[in-house]
Amino acid sequence: MSNRVPPPPAGGAGALLPPDSGRDRPLFVVAAILVFLACIAALGARGAWLQAQNWTSDLESSITIQIRPIELRDPQLDAEEAARIALTVPGILGATAHDRAHAEALLAPWLGAGNLPDDLPLPLMVEVQLDPQLPPPGGALQAALDAAGLAATVDDNSRWAGAVRRAARTAQTLGLAMMFLLAGAAAAVVAFAARASLAARINVIDALHICGAEDRFVAGLFERRFFMLGLKAGIAGAACAGLVAVLASFGQGPADMAFFLPHWAMDPFELALLLLAPVLAGTTAAISARLAVASDLRGRW
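Residues numbered from 1 in each chain as written. Predicted model: local features only at pLDDT ≥ 70, side-chain atom pairs only at ≥ 80, totals over all residues. Heavy atoms only, no water.

## So, the sheet that holds strand E1 (residues 62-67)
Here's step 1: An order of E2-E3-E1-E4 is seen for the 4 strands of this open sheet, with the pairing classed as antiparallel. Every interior strand has two partners, whereas the edge strands, strand E2 (92-97) and strand E4 (152-155), have only one. Across the sheet, the mean angle separating the axes of adjacent strands is 20° when strand polarity is ignored.
Here's step 2: By the bridge criterion, 5 bridges tie E2 to strand E3 (residues 124-130) in an arrangement that is antiparallel. Within E3, the position partnered with alanine 95 by the bridge is valine 128.
Here's step 3: Sheet strands touched by helix H5 (residues 138-147): E1, E2 and E4. Its angle to E4, the strand with the most contacts, is close to 175°. (Pairing = 2+ DSSP bridges. Helix = DSSP H or I, 4+ residues; strand = E, 2+ residues; numbered from the N terminus. Axes fitted to C-alpha atoms, helices over the stretch in contact; angles between N-to-C directions. Contact = heavy atoms within 4.5 Å.)

## Looking at the confidence of the model for the chain
Here's step 1: Here the chain averages 80 in pLDDT, and 85% of its residues register 70 or above.
Here's step 2: In the model of the chain, helix H1 (residues 13-16) stands out as the element of lowest mean pLDDT, 54, in contrast to helix H3 (residues 75-87), which has the highest, 92.
Here's step 3: Across residues 1-12 the pLDDT falls below 50, and counting only partners more than four positions away or on other chains, this stretch makes 17 contacts in the model.
Here's step 4: In this model, residues 254-259 is a region of pLDDT below 50 whose contacts with residues beyond four sequence positions or in other chains number 12 contacts. (pLDDT = per-residue confidence, 0-100.)

## Details of the nonpolar core
Here's step 1: Core analysis: the biggest nonpolar cluster contains 22 residues, and Ile65, Ile67, Val126, Val128, Leu141 and Leu145 have the highest contact counts within it.
Here's step 2: Put simply, the parts of the chain that give this core at least two residues each are E1, H3, E3, H5 and E4.
Here's step 3: The element that contributes the greatest number of residues to this core is H3, accounting for 5 residues.
Here's step 4: Not counting residues up to four positions away in its chain, the partners in contact with isoleucine 67 are Pro75, Asp78, Ala79, Ala82, Pro123, Leu124, Val126, Ala151 and Ala152.
Here's step 5: One finds Val190, Ala213, Phe217 and Ala285 within the second-largest nonpolar core, a separate group that totals 20 residues. (Core = buried A, V, L, I, M, F, W, Y, C linked by side-chain atoms within 4.5 Å. Buried < 20%, exposed > 50% of the residue type's maximum accessible area, 1.4 Å probe, protein only.)

## Some details on the packing of helix H7 (residues 202-210) against helix H8 (residues 215-250)
Here's step 1: Put simply, H7 and H8 touch, their axes get as near as 10 Å, and they point 140° apart. Here H7 runs over H8; the crossing is right-handed. On the side of H7, the interface is formed by Ile205, Leu208 and His209, while H8 contributes Asp215, Phe217, Val218, Leu221 and Phe222.
Here's step 2: Residues of the contact of H7 with H8, tallied by class, amount to 6 nonpolar, 1 polar and 1 charged. (Left-handed = near helix turned anticlockwise from the far one by under 90°. Nonpolar A, V, L, I, M, F, W, Y, C, P; charged D, E, K, R; others polar.)

## Here's the deal with the packing of helix H6 (residues 161-200) against H8
Here's step 1: Packing of H6 against H8 brings their axes to within 11 Å, and their N-to-C directions diverge by 130°. Taken as axis vectors, H6 and H8 run oblique relative to one another. When you trace H6 past H8, the crossing you get is right-handed. Counted together, Val190, Ala193, Ala194, Ser197 and Leu198 of H6 and Phe222, Arg225 and Phe226 of H8 form the full contact between these two elements.
Here's step 2: Residues of the contact of H6 with H8, tallied by class, amount to 6 nonpolar, 1 polar and 1 charged. (Parallel < 35°, antiparallel > 145°, perpendicular 65-115°, else oblique.)

## Points about the pairing of E3
Here's step 1: Most of E3 is tucked away, with 5 of its 7 residues classed as buried.
Here's step 2: The sheet contact formed by E1 and E3 spans 6 bridges and is antiparallel. By the bridge assignment, serine 62 is partnered in E3 with glutamine 129.

## Here's the deal with helix H4 (residues 100-111)
Here's step 1: With a side-chain oxygen lying 3.4 Å from the backbone nitrogen of alanine 101, the N-terminal cap of H4 falls on aspartate 99.
Here's step 2: Following H4 by one or two positions, glycine 112 has its phi on the positive side, about 90°. (Polar contact = N/O pair within 3.5 Å; in protein donor to acceptor, adjacent residues only side chain to side chain.)

Right under this line is the structure:
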(Lines give C-alpha, C1' and ligand atoms only; values in the text may rest on other atoms or scores of the structure.)
Protein backbone atom coordinates (compact mmCIF):
# COMPACT_ATOMS: atom_id res chain seq x y z
CA MET A 1 0.00 0.00 0.00
CA SER A 2 1.31 3.42 -0.88
CA ASN A 3 2.28 5.75 1.93
CA ARG A 4 1.35 8.76 -0.15
CA VAL A 5 -1.10 11.05 1.69
CA PRO A 6 -4.35 11.27 -0.24
CA PRO A 7 -5.35 14.73 -1.37
CA PRO A 8 -8.09 16.32 0.71
CA PRO A 9 -11.55 16.27 -0.81
CA ALA A 10 -13.10 19.30 -2.42
CA GLY A 11 -14.64 20.43 0.84
CA GLY A 12 -11.26 20.49 2.65
CA ALA A 13 -11.29 20.02 6.39
CA GLY A 14 -15.01 20.69 6.48
CA ALA A 15 -15.77 17.52 4.48
CA LEU A 16 -13.73 15.26 6.75
CA LEU A 17 -14.56 17.13 9.95
CA PRO A 18 -18.04 18.56 9.38
CA PRO A 19 -19.20 21.21 11.86
CA ASP A 20 -21.02 19.87 14.86
CA SER A 21 -23.18 22.63 16.31
CA GLY A 22 -23.89 20.63 19.44
CA ARG A 23 -20.18 20.57 20.33
CA ASP A 24 -19.02 23.75 18.61
CA ARG A 25 -21.56 26.18 20.05
CA PRO A 26 -20.51 25.86 23.72
CA LEU A 27 -16.84 26.07 22.73
CA PHE A 28 -17.58 29.15 20.61
CA VAL A 29 -19.34 30.86 23.52
CA VAL A 30 -16.56 30.04 26.00
CA ALA A 31 -13.84 31.18 23.59
CA ALA A 32 -15.70 34.43 22.82
CA ILE A 33 -16.07 35.16 26.55
CA LEU A 34 -12.37 34.52 27.15
CA VAL A 35 -11.39 36.80 24.26
CA PHE A 36 -13.78 39.45 25.56
CA LEU A 37 -12.24 39.31 29.05
CA ALA A 38 -8.70 39.35 27.65
CA CYS A 39 -9.48 42.46 25.56
CA ILE A 40 -11.08 44.15 28.55
CA ALA A 41 -7.97 43.38 30.62
CA ALA A 42 -5.66 44.77 27.92
CA LEU A 43 -7.76 47.90 27.43
CA GLY A 44 -7.96 48.34 31.20
CA ALA A 45 -4.17 48.17 31.50
CA ARG A 46 -3.84 50.69 28.69
CA GLY A 47 -6.45 52.93 30.31
CA ALA A 48 -4.66 52.81 33.66
CA TRP A 49 -1.46 53.99 32.06
CA LEU A 50 -3.20 56.81 30.18
CA GLN A 51 -5.04 57.93 33.31
CA ALA A 52 -1.79 57.96 35.27
CA GLN A 53 -0.07 60.02 32.59
CA ASN A 54 -2.89 62.57 32.58
CA TRP A 55 -3.05 62.78 36.37
CA THR A 56 0.71 63.08 36.89
CA SER A 57 0.90 65.73 34.18
CA ASP A 58 -1.77 67.75 35.98
CA LEU A 59 -0.14 67.25 39.37
CA GLU A 60 3.34 68.22 38.23
CA SER A 61 2.17 71.29 36.31
CA SER A 62 0.41 73.01 39.22
CA ILE A 63 0.55 73.72 42.92
CA THR A 64 -2.17 74.87 45.29
CA ILE A 65 -2.22 77.65 47.87
CA GLN A 66 -4.59 77.15 50.78
CA ILE A 67 -5.82 80.33 52.45
CA ARG A 68 -6.82 79.69 56.05
CA PRO A 69 -9.63 81.90 57.38
CA ILE A 70 -8.68 84.00 60.40
CA GLU A 71 -10.57 86.60 62.41
CA LEU A 72 -10.77 90.18 61.21
CA ARG A 73 -9.62 89.26 57.69
CA ASP A 74 -11.54 88.63 54.50
CA PRO A 75 -10.38 85.23 53.12
CA GLN A 76 -11.49 86.18 49.60
CA LEU A 77 -9.29 89.29 49.62
CA ASP A 78 -6.41 87.21 51.02
CA ALA A 79 -6.87 84.67 48.21
CA GLU A 80 -6.75 87.40 45.57
CA GLU A 81 -3.68 88.90 47.23
CA ALA A 82 -2.00 85.47 47.25
CA ALA A 83 -2.71 85.13 43.52
CA ARG A 84 -1.09 88.52 42.84
CA ILE A 85 1.96 87.58 44.91
CA ALA A 86 2.26 84.22 43.13
CA LEU A 87 2.47 85.96 39.74
CA THR A 88 5.59 87.79 40.91
CA VAL A 89 7.47 84.57 41.68
CA PRO A 90 9.68 83.20 38.86
CA GLY A 91 8.46 79.90 37.41
CA ILE A 92 4.74 80.67 37.78
CA LEU A 93 2.67 81.25 34.66
CA GLY A 94 -0.73 81.94 36.19
CA ALA A 95 -2.73 82.01 39.41
CA THR A 96 -6.49 81.81 39.97
CA ALA A 97 -8.16 82.67 43.29
CA HIS A 98 -11.31 80.63 43.97
CA ASP A 99 -14.23 81.72 46.13
CA ARG A 100 -16.22 80.02 48.89
CA ALA A 101 -18.60 78.40 46.38
CA HIS A 102 -15.63 76.53 44.92
CA ALA A 103 -14.64 75.26 48.39
CA GLU A 104 -18.19 74.10 49.07
CA ALA A 105 -18.27 72.29 45.73
CA LEU A 106 -15.07 70.42 46.68
CA LEU A 107 -16.67 69.26 49.94
CA ALA A 108 -20.06 68.39 48.42
CA PRO A 109 -19.15 64.77 47.44
CA TRP A 110 -18.45 63.99 51.13
CA LEU A 111 -20.80 66.31 53.02
CA GLY A 112 -23.54 66.85 50.46
CA ALA A 113 -24.69 70.06 48.83
CA GLY A 114 -26.15 72.76 51.04
CA ASN A 115 -25.23 71.08 54.33
CA LEU A 116 -22.63 73.63 55.44
CA PRO A 117 -23.63 76.59 57.63
CA ASP A 118 -22.94 79.96 56.06
CA ASP A 119 -20.90 81.07 59.07
CA LEU A 120 -18.63 78.01 58.98
CA PRO A 121 -15.11 79.18 58.06
CA LEU A 122 -13.70 77.36 55.04
CA PRO A 123 -10.19 77.56 53.59
CA LEU A 124 -10.09 79.03 50.10
CA MET A 125 -7.90 77.71 47.30
CA VAL A 126 -5.61 79.45 44.85
CA GLU A 127 -4.65 77.35 41.84
CA VAL A 128 -1.19 78.10 40.47
CA GLN A 129 0.09 77.03 37.03
CA LEU A 130 3.81 76.29 36.80
CA ASP A 131 6.33 76.76 34.04
CA PRO A 132 7.46 73.19 33.14
CA GLN A 133 10.85 74.51 32.04
CA LEU A 134 11.75 75.70 35.55
CA PRO A 135 11.99 73.88 38.90
CA PRO A 136 8.92 74.12 41.19
CA PRO A 137 9.07 77.40 43.15
CA GLY A 138 7.24 76.06 46.20
CA GLY A 139 9.80 77.31 48.74
CA ALA A 140 10.10 80.79 47.22
CA LEU A 141 6.32 81.12 46.97
CA GLN A 142 5.81 80.12 50.61
CA ALA A 143 8.44 82.66 51.69
CA ALA A 144 6.73 85.42 49.69
CA LEU A 145 3.34 84.61 51.21
CA ASP A 146 4.77 84.56 54.73
CA ALA A 147 6.45 87.91 54.12
CA ALA A 148 3.08 89.39 53.14
CA GLY A 149 1.56 88.19 56.41
CA LEU A 150 -0.95 85.84 54.79
CA ALA A 151 -2.23 82.71 56.54
CA ALA A 152 -1.41 80.59 53.53
CA THR A 153 0.08 77.14 52.95
CA VAL A 154 1.60 75.99 49.67
CA ASP A 155 0.67 72.42 48.75
CA ASP A 156 3.09 70.84 46.24
CA ASN A 157 0.90 68.47 44.23
CA SER A 158 3.88 66.76 42.61
CA ARG A 159 4.43 64.69 45.78
CA TRP A 160 1.37 62.63 44.78
CA ALA A 161 2.72 61.86 41.31
CA GLY A 162 4.83 58.93 42.52
CA ALA A 163 1.84 57.29 44.22
CA VAL A 164 -0.23 57.66 41.04
CA ARG A 165 2.53 56.07 38.97
CA ARG A 166 2.83 53.14 41.37
CA ALA A 167 -0.92 52.59 41.28
CA ALA A 168 -0.84 52.70 37.47
CA ARG A 169 1.99 50.16 37.28
CA THR A 170 0.13 47.85 39.66
CA ALA A 171 -3.09 48.08 37.67
CA GLN A 172 -1.23 47.59 34.41
CA THR A 173 0.62 44.53 35.73
CA LEU A 174 -2.62 42.99 36.99
CA GLY A 175 -4.33 43.65 33.66
CA LEU A 176 -1.53 42.07 31.61
CA ALA A 177 -1.29 39.09 33.98
CA MET A 178 -5.03 38.52 33.65
CA MET A 179 -4.76 38.71 29.88
CA PHE A 180 -2.04 36.02 29.76
CA LEU A 181 -3.95 33.81 32.21
CA LEU A 182 -7.04 34.04 30.02
CA ALA A 183 -4.97 33.16 26.96
CA GLY A 184 -3.70 30.08 28.78
CA ALA A 185 -7.24 29.15 29.80
CA ALA A 186 -8.39 29.50 26.19
CA ALA A 187 -5.56 27.24 25.00
CA ALA A 188 -6.48 24.60 27.59
CA VAL A 189 -10.17 24.72 26.65
CA VAL A 190 -9.40 24.34 22.95
CA ALA A 191 -7.00 21.48 23.61
CA PHE A 192 -9.68 19.67 25.59
CA ALA A 193 -12.25 20.28 22.85
CA ALA A 194 -9.84 19.09 20.16
CA ARG A 195 -9.22 15.84 22.01
CA ALA A 196 -12.97 15.36 22.46
CA SER A 197 -13.50 16.00 18.75
CA LEU A 198 -10.77 13.52 17.89
CA ALA A 199 -12.34 10.86 20.10
CA ALA A 200 -15.77 11.47 18.53
CA ARG A 201 -14.37 10.98 15.01
CA ILE A 202 -11.87 8.26 15.70
CA ASN A 203 -13.42 5.99 13.07
CA VAL A 204 -12.81 8.62 10.39
CA ILE A 205 -9.25 9.12 11.63
CA ASP A 206 -8.62 5.34 11.56
CA ALA A 207 -9.91 5.20 7.99
CA LEU A 208 -7.63 8.04 6.95
CA HIS A 209 -4.69 6.36 8.62
CA ILE A 210 -5.41 3.10 6.80
CA CYS A 211 -5.47 5.07 3.53
CA GLY A 212 -1.99 6.36 4.27
CA ALA A 213 -2.69 9.70 5.92
CA GLU A 214 0.11 10.78 8.23
CA ASP A 215 -0.40 12.21 11.68
CA ARG A 216 0.56 15.69 10.53
CA PHE A 217 -2.16 15.60 7.86
CA VAL A 218 -4.82 14.66 10.43
CA ALA A 219 -3.50 17.27 12.89
CA GLY A 220 -3.67 19.84 10.09
CA LEU A 221 -7.37 19.11 9.61
CA PHE A 222 -8.06 19.91 13.25
CA GLU A 223 -5.73 22.89 13.12
CA ARG A 224 -7.66 24.52 10.26
CA ARG A 225 -11.03 23.74 11.79
CA PHE A 226 -10.20 25.19 15.20
CA PHE A 227 -8.45 28.19 13.67
CA MET A 228 -11.71 29.22 12.00
CA LEU A 229 -13.66 28.60 15.19
CA GLY A 230 -11.18 30.65 17.23
CA LEU A 231 -11.18 33.42 14.63
CA LYS A 232 -14.98 33.72 14.70
CA ALA A 233 -15.06 33.62 18.50
CA GLY A 234 -12.31 36.25 18.58
CA ILE A 235 -14.29 38.58 16.32
CA ALA A 236 -17.35 38.27 18.56
CA GLY A 237 -15.38 38.77 21.78
CA ALA A 238 -13.36 41.72 20.45
CA ALA A 239 -16.48 43.44 19.11
CA CYS A 240 -18.20 43.15 22.51
CA ALA A 241 -15.07 44.42 24.29
CA GLY A 242 -14.85 47.42 21.98
CA LEU A 243 -18.49 48.26 22.62
CA VAL A 244 -18.04 48.02 26.40
CA ALA A 245 -14.90 50.18 26.26
CA VAL A 246 -16.67 52.89 24.28
CA LEU A 247 -19.64 52.90 26.67
CA ALA A 248 -17.36 52.98 29.74
CA SER A 249 -15.33 55.86 28.29
CA PHE A 250 -18.44 57.97 27.77
CA GLY A 251 -19.77 57.16 31.24
CA GLN A 252 -19.02 59.34 34.25
CA GLY A 253 -17.50 56.96 36.80
CA PRO A 254 -15.94 57.96 40.11
CA ALA A 255 -12.20 58.61 40.17
CA ASP A 256 -11.37 55.53 42.23
CA MET A 257 -12.83 53.31 39.48
CA ALA A 258 -10.78 54.87 36.68
CA PHE A 259 -8.01 52.26 36.86
CA PHE A 260 -10.43 49.33 36.72
CA LEU A 261 -12.46 50.35 33.66
CA PRO A 262 -11.45 49.80 30.05
CA HIS A 263 -10.59 53.06 28.35
CA TRP A 264 -11.14 53.92 24.70
CA ALA A 265 -8.60 56.61 23.86
CA MET A 266 -9.68 56.94 20.21
CA ASP A 267 -6.19 56.22 18.87
CA PRO A 268 -4.82 53.47 16.58
CA PHE A 269 -3.52 51.37 19.48
CA GLU A 270 -6.98 50.32 20.68
CA LEU A 271 -8.17 49.62 17.14
CA ALA A 272 -5.06 47.54 16.38
CA LEU A 273 -5.54 45.62 19.63
CA LEU A 274 -9.13 44.70 18.82
CA LEU A 275 -8.25 43.78 15.22
CA LEU A 276 -5.34 41.62 16.38
CA ALA A 277 -7.35 39.80 19.05
CA PRO A 278 -9.28 37.52 16.61
CA VAL A 279 -6.07 36.58 14.79
CA LEU A 280 -4.37 35.73 18.07
CA ALA A 281 -7.43 33.78 19.20
CA GLY A 282 -7.48 31.77 15.97
CA THR A 283 -3.74 31.15 16.12
CA THR A 284 -3.90 30.06 19.76
CA ALA A 285 -6.79 27.71 19.01
CA ALA A 286 -5.02 26.27 15.96
CA ILE A 287 -1.73 25.63 17.78
CA SER A 288 -3.47 24.17 20.83
CA ALA A 289 -5.61 21.87 18.69
CA ARG A 290 -2.68 20.70 16.58
CA LEU A 291 -0.46 19.95 19.58
CA ALA A 292 -3.25 18.14 21.43
CA VAL A 293 -4.25 16.02 18.43
CA ALA A 294 -0.67 15.25 17.48
CA SER A 295 0.04 14.13 21.04
CA ASP A 296 -2.97 11.79 21.09
CA LEU A 297 -2.16 10.36 17.68
CA ARG A 298 1.40 9.58 18.70
CA GLY A 299 0.07 7.63 21.63
CA ARG A 300 -2.40 5.73 19.44
CA TRP A 301 -0.15 4.40 16.69
